[in-house]
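Coordinate inspection notes
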Amino acid sequence: MMKYIMAFDAGTTSARTIIFDKKGNPVSVAQKDLIKHFPKPGYVEEEPDDLWSKQIGTAVEAMSRKEIDPEDIAAIGITNQRETTIVWNKKTMEPVYNAIVWQCKRTAKYCEELKERGLEETIREKTGLVIDPYFSATKIRWILENVEGARELADKGDLLFGTVETYLIYKLTDGEVHITDYTNASRTMLFNIKEKKWDDELLEIFDIPKSMLPEIKNSSEVYGKCKSKYLGCEIPIGGAIGDQQSSLFGTASFEKGMAKSTFGTGAFILMNTGDELIRSQNGLVTTIAWAMDGQIKYALEGSIFEAGSCIDFMRDNLRIIDQADDSEYMANKVEDTNDCYFIPAFTGLGAPYWDQYARGSIVGLTGSVNKYHVVRAALESIAYLSCDVIKAMQEDSKTKIRSLTVDGGVSKNNFLMKFLSDIVDVHIERPKVVELTALGACYMAGLAVGFWKDIDEIRENNAIDKCFDPDMDEEERNKKISRWHEAVKYSMNWAK
């Protein structure tokens, strides 16, 4: 019997491959940082060739580290940074431009034009999304309008679009398979989540040829096989799912009302709403949680653009910490932030504010504020932004979130998790395996090939590492939240 499932975690800052056993334990991990480009203020790009070469490189490395035979890998599952847009030539398989990353704000002005044309309600009704540069549609249009020859090639049917998982599958199969799954399709602003198909009216609004779009598949099914020249033998590709939906599945949040928060570069909070498509009235987006056997589950989501990037900023830009792990130690060196608030709006504010012109600030600086206060304020900002999203989620769903599962590298920070528990007034569980984004893709692929027979078998794999419970006084909590909201106002609309 085959022993392992291989998960590609094609993230924003790195390409990783994690190989899991049947118990859901990672047995080998390899990771390589990705090259990022910032050609103009607000522009964020990556190189498609770099994404591909490092992803396949980590796969080879992960196998070699534990001397794993490729014949022992039952399937490959892929989870990916969503919305990041790649357009390539169908005949040459060469990208026509760099990958435009989800964080990129180059289409902000065009988004304003769409709003001025009164299209907000049309787009929200069809897609569940707000008009924002975050999503793929405006990025595709930018490439067609600004890359020489792209529009002509697209009109002739020679260009293809894909988010990162689509591009990787296309490359793995040597161009034989051009697909996406429902979760990634639902993040493009071109997909009708009610009718469950690419929307012709939206394609007309954005002037994007339908021939560019991939075929839409379940999150768990065999799409094709990786060519043997890459990993040593042909391996079924059995799962594709956006990274945040993947972590929701990886936490075994299979029932309606269950919620998770993934803390990576950004922070992404999702609540499973089951078969119910809830349209947010509080700045969240409605998205597809996953699709299996033709059955679609929905979720409410709040996207926070900066989380781990706050810690990176303190290390790389301010240089007040030497490494990421120092942040927890330094935050605990002081009792509070000395009334200092850190608003990490480096590329605008996501849910529930959706202010693409907001910019970062540190509010409340006095002569008595030191680096420990700033570090603590930066960590607390991640919790405050999460609190804003969770409050909106509870209002939309009319449900009180009693328990929140956390994952991602930043969730290892005990100070932050305890403060989050206090400020949201919620019980928090951190599983032993915090790499649940990759684990979700692993489960999708494994279910597709019968490695696990059903989700009940998967439930048995989850084990809790640590729990955090609130003990902050309600009056203090409300005062801190109110003060945070006052501080946020100073960052709003700054770049406009």
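Residues numbered from 1 in each chain as written. Predicted model: local features only at pLDDT ≥ 70, side-chain atom pairs only at ≥ 80, totals over all residues. Heavy atoms only, no water.

- If you look the chain up in an unreviewed UniProt entry, it shows as Glycerol kinase from Peptoniphilus harei.
- Comment text from UniProt for the chain, heading Catalytic activity (unreviewed entry), reads "glycerol + ATP = sn-glycerol 3-phosphate + ADP + H(+)".
- What the UniProt record of the chain gives under Sequence similarities (unreviewed entry) is the line "Belongs to the FGGY kinase family." (UniProt positions renumbered as here; feature names shortened; annotations may be inferred.)

**Regarding the packing of aromatic side chains**
- Scanning the model with the defined rule gives 28 aromatic pairs in all.
- Ring geometry for Tyr-182 and Phe-191: centres 5.9 Å apart, planes at 75°, overall edge-to-face. With respect to burial, Tyr-182 and Phe-191 carry one shared label: buried.
- The ring of Tyr-372 is capped by Lys-333, whose NZ or CZ atom sits 5.8 Å from the centre of that ring. (Phe/Tyr/Trp six-rings, centres within 6.5 Å; stacked < 30°, edge-to-face > 60°. Buried < 20%, exposed > 50% of the residue type's maximum accessible area, 1.4 Å probe, protein only. Lys NZ or Arg CZ within 6 Å of the ring centre and 35° of its normal.)

**Describing the nonpolar core**
- Formed by 138 residues in total, the largest nonpolar core has its most connected members in Leu-190, Phe-206, Met-212, Phe-249, Trp-290, Ile-343 and Ile-423.
- No other element matches the 14 residues that helix 13 (residues 371-397) contributes to this core.
- Both domains that meet at this core, namely domain 1 (4-244) and domain 2 (252-431 + 463-495), each give it at least three residues.
- Discounting residues that sit within four places of it in the chain, Leu-190 has contacts with Thr-127, Ala-137, Ile-140, Lys-197, Trp-198, Asp-199, Leu-202, Leu-203, Phe-206, Ile-208 and Leu-213.
- Counting residues in each nonpolar core, the second largest holds 37 residues, with Ile-73, Ile-78, Trp-88 and Leu-160 among its members. (Core = buried A, V, L, I, M, F, W, Y, C linked by side-chain atoms within 4.5 Å. Helix = DSSP H or I, 4+ residues; strand = E, 2+ residues; numbered from the N terminus. Domains from an automatic or database assignment. Contact = heavy atoms within 4.5 Å.)

**Points about the environment of Ala-240**
- Looking at the element boundaries, Ala-240 is found in strand 15 (residues 235-242).
- Note on Ala-240: relative accessible area 0%, which makes it buried.
- In the structure, Ala-240 is positioned 36 residues away from Glu-204 in sequence and 27 Å away in space, judged by C-alpha atoms.
- The contacts of Ala-240, once residues within four sequence positions are left out, are Ile-78, Glu-165, Ile-169, Asp-181, Ser-219 and Tyr-223.

**Concerning the sheet that holds strand 8 (residues 99-100)**
- With antiparallel pairing, three strands are arranged side by side in an open sheet as 4-5-8. Whereas interior strands pair on both sides, the edge strands pair on one side only; in this sheet they are strand 4 (36-37) and strand 8.
- The sheet contact formed by strand 5 (residues 45-46) and strand 8 spans two bridges and is antiparallel. What sits directly across from Glu-45, in strand 8, is Ile-100. (Pairing = 2+ DSSP bridges.)

**Some points on a nonpolar patch on the surface**
- Taken together, Leu-318, Ile-362 and Leu-365 make up a surface patch of nonpolar side chains, about 240 Å² in accessible area.
- Given the relative accessible area of 35%, Leu-318 is considered partly exposed. (Patch = residues over 30% accessible without salt bridge, like charges linked within 9 Å, V, L, I, M, F, W, Y side chains within 5 Å. Areas by Shrake-Rupley, 256 points an atom, 1.4 Å probe, with all protein chains shown as cover. Salt bridge = Lys/Arg side-chain N within 4 Å of Asp/Glu carboxyl O.)

**Regarding the side chain of Thr-138**
- Its place among the elements puts Thr-138 in helix 4 (residues 136-146).
- Those residues within four positions of Thr-138 in sequence are excluded, and the remaining contacts are Thr-107, Tyr-110, Cys-111, Leu-114, Asp-132, Pro-133, Met-189 and Phe-206.

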